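Topology and contacts: notes
These are the residues of each chain, in order.
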Amino acid sequence: MQPSREVAFEVIRATNVDDAYANLLLPAEIERAGLNAADAALATELTYGTLRRRGTYEQIVRIASGRELDEIDQGVLDALCLGAHQLLATRVAAHAAVNESVELARRESGRGAAGFANAILRRISRDDIAAWEERITESARSADEALGFRTSHPVWILRAFRRALAATGSADELDALLAADNASPAVTMAALPGLAEVTGTRTRYSPVGFRAPQGDPDRMVRESGGARRVQDEGSQLVALALSRLQPVVPGERWLDLCAGPGGKTSLLAAEALAGGALIEANEVVPARAGLVRRALEAVPLHVEVHERDGRALARERAGEFDRILVDAPCTGLGALRRRPEARWRKHPDDVAELVALQSELLAAAIDALRPGGTVAYVTCSPHLAETTGVVRDVIERRSDVEVLDAPAAIRAVARGPIDIAERTDGMPVAQLWPHRHGTDAMFLALLRRK
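Report follows, based on the coordinates. (Residues numbered from 1 in each chain as written. Predicted model: local features only at pLDDT ≥ 70, side-chain atom pairs only at ≥ 80, totals over all residues. Heavy atoms only, no water.)

1. What to know about the pattern of salt bridges
- As enumerated under the stated definition, the model contains 40 salt bridges in all.
- The residue Arg107 makes a salt bridge to Glu103 at a minimum N-O spacing of 3.3 Å. You can see Arg107 and its partner Glu103 sitting in helix α6 (residues 94-109), four residues apart, about one turn around the helix.
- A salt bridge links Arg244 to Glu271, with the nearest nitrogen and oxygen atoms 2.8 Å apart. Separated by 27 residues along the polypeptide, Arg244 in the loop between α13 (233-243) and β4 (253-256) and Glu271 in helix α14 (residues 263-275) bring together distant segments of the chain.
- With a relative accessible area of 36%, Arg244 lands in the partly exposed category.
- When salt bridges with common partners are traced through the structure, they connect Arg13, Arg54, Glu58, Asp78 and Glu108 into a single cluster. (Salt bridge = Lys/Arg side-chain N within 4 Å of Asp/Glu carboxyl O. Helix = DSSP H or I, 4+ residues; strand = E, 2+ residues; numbered from the N terminus. Buried < 20%, exposed > 50% of the residue type's maximum accessible area, 1.4 Å probe, protein only.)

Right under this line is the structure:
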């Protein structure tokens, strides 16, 4: 058994059995297995490729086996999906893909499962992905279900994406967005301003962004003491839109209300240090608060990190802050290319609970602003309920808030022209997209307290 396949399978199994996060577990498993660079690259491709296209591969297995998915042992199904990915989307030799996937199925469920897996994978190997996509399309009950099967997205998510794109008159970009979700994203890094220089190839938009070098980007992070760090370009832009919205007045007080894991916090802290501002952070989950403190080690500025419910903290600190970031807990639908397993964990029912929390956090943050202060409301989700729905809900219940021009704020910090589509509802908020900007689907609204 090739070690890279074993690592990929263990991570895939853990995402299903233990709700593990592949982006956190995979590096640890690669290190534990002692994989060289080539094997680590293969393990990464097999893991993420299988997780991204899992919905498609499951439907192929369903048709090839003649069984419903709930009739197949989960461990065997995981092995079959891993094998299908190798057969249909990689240059791995078919005999290796089949034989080692069969061995994984045998380890999970015994000799009978091995025979079953062998038959199914050999059946799958007879045709290419186009032929299988045609078959699963024909088996779908609706056009949206067929699109979901082909692009490996739950129907409710692709419909939410369609509505969000339509809000900017871009519903015809849905296919491009779904394809971008299934493509391996480039690794981008940020150089904390004033603490590290941008090196190598610069990113398209962020003034502090650059492409990760070949090899292990964590090495550059370690060597810089965290002053250079992995961070999506969209995350960089929304943080800088707040810190550079207007010149910093020394002595300003800033707050990152939902700070974990700390990437945006450290960028804001570097900006605060350069401008003479003070900044605090808050993260309700202790383990994530620890990550925030670690992220801040690169910035020579004292930043108190609270471990509180952000709503309560903000209400207790009424009228104290000039700038507040509310990077609210959300469905994470804007980062499915980086965290592909999330598409299978989230459900429509999750949205309502999150929206209630998001609205309460944003309202409390506005109360914590001084008159003239600004809050940046950010989500890594384009779902309209989590974005404009939350903003509209909050501002319609208060008379002391004005919505600033978020697209203009991003354009002001961007290195070059950036195409942020105007909204059909006229609200001046900004939505970034993987297929259009090469970033996660970050949403930004800027609200000023009158």
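2. A short note on the packing of aromatic side chains
- If you walk through the whole model with that rule in mind, you get one aromatic pair.
- When the centroid spacing of 6.2 Å and the interplanar angle of 70° are considered together, the rings of Tyr377 and Phe443 count as edge-to-face. With a gap of 66 residues between them, Tyr377 in strand β8 (residues 369-379) and Phe443 in strand β11 (residues 443-449) connect regions that are remote in the sequence.
- Given the relative accessible area of 0%, Tyr377 is considered buried.
- We classify Phe443 as buried; its relative accessible area is 0%.
- Over the face of the ring belonging to Trp132 we find Arg135, whose NZ or CZ atom lies 4.5 Å from the ring centre.
- Lying over the aromatic face of Tyr21, Arg345 brings its terminal NZ or CZ to 5.1 Å of the ring centre. (Phe/Tyr/Trp six-rings, centres within 6.5 Å; stacked < 30°, edge-to-face > 60°. Lys NZ or Arg CZ within 6 Å of the ring centre and 35° of its normal.)

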